[in-house]
Amino acid sequence: MSARALYLYCTPIIHYSSDTIVFRGIELKESSALTSRWSGVIDHDGARLYLKIYEGGSKRVIEEKLNSIVEANASVARSFSMHGFGLGRMAVGLVEKGVAPVMMVCRGAVDNGRDVRSVLGLAAPYVEGENLLPFALSRIEGSHENLEGEAARKIFCALLSIVARIHDLGVAHGDLKPANVILRGDKPVIIDFDGAVPAIRGPPAFCFNPANADLAEFSGVNADCSDSFKVDWLGIIYTGALLAHASKPVAEARERASEPSIEDPNVREAFEHVMGKSFVEDLEAALKGRGPLDPSQPVASLLDRMRGEGVCA
């Protein structure tokens with residue numbers, strides 16, 4: 001199903017001028033996301049921006065937290081890229097640093113073929129690459145060759161470093177998960193900052209719940225959305241577990257195991273070989289509902305411990 005944005009009045013969250021940017025006749029397609037209704041691509045200032053359109057209940061959720069969302073995304077954009085130049089160059093620089101935060105807030109009208117609706121849109125840098133979720137699942141399911149342990153570890157350590165820096169800004173993403181990571185070669189880029197907020201402002205607009213995702217061992221693990229940094233820690237642990245499952249050492253250990261999780265000694269040993277003992281400790285804590293060792297900065301703490309082991313550089 002497709003639609004057309006008749007007009008959109010967009011405001012950059014980092015203001016280079018007081019001018020509103022106007023787009024007309026933008027073609028949209030029905031979004032595969034659970035929250036946004038439509039999506040499309042807009043070109044501005046030499047950059048491609050991925051536009052997500054919200055209406056109905058999701059629009060109300062965004063509206064209620066819009067000031068906090070803008071504050072969080074502006075903080076990420078300023079920290080990860082030089083901001084003394086235009087929006088287009090900034091968008092490119094952000095992706096190179098591993099993040100694609102919201103850069104414009106848009107309001108306008110969409111014709112879906114039945115009626116015209118008032119909508120809210122958020123636009124972020126468009127990231128070319130491969131989505132981490134199908135990338136990992138294809139290797140777990142055997143339709144592609146398993147990852148080498150070093151490759152899985154390198155992707156995960158890069159993600160940890162990016163998230164630790166985001167948390168150091170006081171910002172919680174809220175929806176960290178494999179589907180919100182794009183691989184550009186072996187370098188990850190975190191996308192979908194639409195629900196990100198400063199942690200002191202309360203829970204994020206959207207919250208990842210691993211119990212509804214693809215790894216069976218997380219089926220009983222539900223996120224506490226009131227604890228923003230813990231939600232991100234849980235999302236990053238889930239993502240690391242998926243990468244480990246996609247690796248050759250874990251795949252081989254699971255073939256020999258009676259229980260294809262870290263409850264089996266061979267699988268646990270393979271996980272430790274790929275991701276290190278600190279990661280397995282946090283994974284076990286997540287699966288058993290104990291929470292992170294350092295609730296205040298759980299991702300940075302995990303990164304420090306993995307660096308201490310020599311797992312992350």
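Reading the values: rules and limits
- Residues numbered from 1 in each chain as written.
- Predicted model: local features only at pLDDT ≥ 70, side-chain atom pairs only at ≥ 80, totals over all residues.
- Heavy atoms only, no water.
- Pairing = 2+ DSSP bridges.
- Helix = DSSP H or I, 4+ residues; strand = E, 2+ residues; numbered from the N terminus.
- Axes fitted to C-alpha atoms, helices over the stretch in contact; angles between N-to-C directions.
- Contact = heavy atoms within 4.5 Å.
- Buried < 20%, exposed > 50% of the residue type's maximum accessible area, 1.4 Å probe, protein only.
- Polar contact = N/O pair within 3.5 Å; in protein donor to acceptor, adjacent residues only side chain to side chain.
- Phe/Tyr/Trp six-rings, centres within 6.5 Å; stacked < 30°, edge-to-face > 60°.
- Core = buried A, V, L, I, M, F, W, Y, C linked by side-chain atoms within 4.5 Å.
- 1 Å grid on protein atoms, 1.4 Å probe; cavity = no way out; pocket = protein on both sides within 12 Å on 5 of 7 lines; lining within 4 Å.
- Points joined across faces, edges and corners; volume = space filled by probe spheres on them.
- Nonpolar A, V, L, I, M, F, W, Y, C, P; charged D, E, K, R; others polar.

How should I be thinking about the sheet that holds strand β6 (residues 116–125) in this particular structure?
Backbone hydrogen bonds are what pair the strands of a sheet, in a parallel or an antiparallel way. One closed barrel accounts for six strands, arranged β1-β2-β3-β4-β6-β5; its pairing is antiparallel. Each strand of the sheet is rotated relative to its neighbour by a mean of 35°, with strand direction disregarded. As paired elements, strand β1 (residues 2–12) and strand β5 (residues 104–111) share eight bridges and run antiparallel to each other. From the neighbouring strand, P12 faces β5, where its bridge partner is M104. In the packing of helix α3 (residues 87–96) onto the sheet, the strands contacted are β1, β3 (38–44), β4 (47–54), β5 and β6, and the crossing angle to β4 comes to about 85°.

I would appreciate a short explanation of the side chain of S36 in the present structure.
Take S36: it is sitting in the loop between β2 (21–30) and β3. Given the relative accessible area of 4%, S36 is considered buried. At 3.0 Å, the side chain of S36 and the side chain of S31 are in polar contact. Here S36 is in contact with S31, K52, I53 and Y54, once residues within four sequence places are set aside.

Please explain the packing of aromatic side chains as it appears in this structure.
Centre distance and the angle of the planes are the two values used to describe a pair of aromatic rings. Under the counting rule described, the total for this entry stands at six aromatic pairs. For the pair Y50 and Y126, a centre-to-centre distance of 6.2 Å together with 50° between the ring planes defines the contact as tilted. Taken as a pair, Y50 in strand β4 and Y126 in the loop between β6 and β7 (130–131) lie far apart in primary sequence, 76 residues in all. For Y50, a relative accessible area of 31% translates into the label partly exposed. Aromatic pair F208 and Y238: ring centres 5.4 Å apart, planes at 75°, arrangement edge-to-face.

Teacher, can you tell me more about the nonpolar core here?
Side chains of nonpolar character tend, in soluble globular proteins, to be buried together. Formed by 101 residues in total, the largest nonpolar core has its most connected members in L8, M104, F271 and F279. For L8, the residues in contact, after removing those within four places along its chain, are I21, V22, F23, I26, L51, I53, C106, R107, G108 and V119. In terms of nonpolar packing, the next biggest core, distinct from the first, is built from six residues, V95, V127, I182 and V189 among them.

How should the pairing of strand β9 (residues 181–184) be read in this particular structure?
Here is the key point about a regular strand: its side chains alternate between the two faces of the sheet. Across two bridges, the pairing between β7 and β9 is antiparallel. Bridging from a neighbouring strand, N131 pairs with I182 of β9. Relative to strand β10 (residues 187–190), β9 runs antiparallel, the two sharing four bridges. Pairing of V181 across the sheet is with I190, part of β10.

Whenever I open this one, the environment of D43 confuses me. Can you help?
Within the fold, D43 resides in strand β3. For D43, a relative accessible area of 53% gives the class exposed. Between the alpha carbons of D43 and Y126 there is a distance of 9.7 Å; along the sequence they are 83 residues apart.

What am I meant to see in the layout of surface pockets here?
Rolled over the atoms, a probe sized like a water molecule indicates the empty space that remains. Counted as a void, the largest pocket has a volume near 1100 Å³. Taken together, 45 residues form the lining of the largest pocket, with S32, A33, A179, N180 and D192 sitting closest to its centre. Elements represented by at least two residues in the lining of the largest pocket include exactly β2, β3, β4 and β6. For the lining of the largest pocket, the element with the most residues is β6, which contributes four residues.

Before we go on, may I ask you to explain empty space enclosed by the protein in this structure?
The tally for this structure, following the rule as stated, stands at one cavity of 30 Å³ or more. Estimates place the volume of the largest cavity at around 40 Å³. Surrounding the largest cavity, L159, L176, K177, N180, V181, I190, G235, I236 and T239 form its lining. No other element matches helix α6 (residues 228–245), which puts three residues into the lining of the largest cavity. A class-by-class count of the residues in the lining of the largest cavity yields five nonpolar, three polar and one charged.

Would you mind showing me how to read the sheet that holds β10 here?
The strand order β7-β9-β10 describes an open sheet built from three strands, whose pairing is antiparallel. A strand with exactly one partner marks an edge of an open sheet, and here the two such strands are β7 and β10.

For this particular structure, what's the right way to read helix α9 (residues 277–287)?
Within an α-helix, residues lying three or four positions from one another point in the same direction, as the helix has 3.6 residues per turn. Of all 11 residues in α9, eight are buried, a share of seventy percent or more. The complete set of buried residues in α9 reads S278, F279, V280, D282, L283, E284, A285 and A286. Elements in contact with the buried residues of α9: α5 (149–168), α6, α8 (265–275) and α10 (298–309). Positive phi appears at G289, one or two residues downstream of α9, with a value of about 75°.

Would you mind going over unusual backbone geometry with me for this structure?
When glycine is set aside, most residues are seen to have a negative phi, and most peptide bonds are trans. One non-glycine residue, D45, adopts positive backbone phi at about 55°. The residue D45 is located in the loop between β3 and β4 in this model. A relative accessible area of 44% places D45 in the partly exposed class. For D192, which is not a glycine, the phi torsion comes out positive at approximately 60°. On the secondary structure map, D192 appears in the loop between β10 and β11 (197–198).

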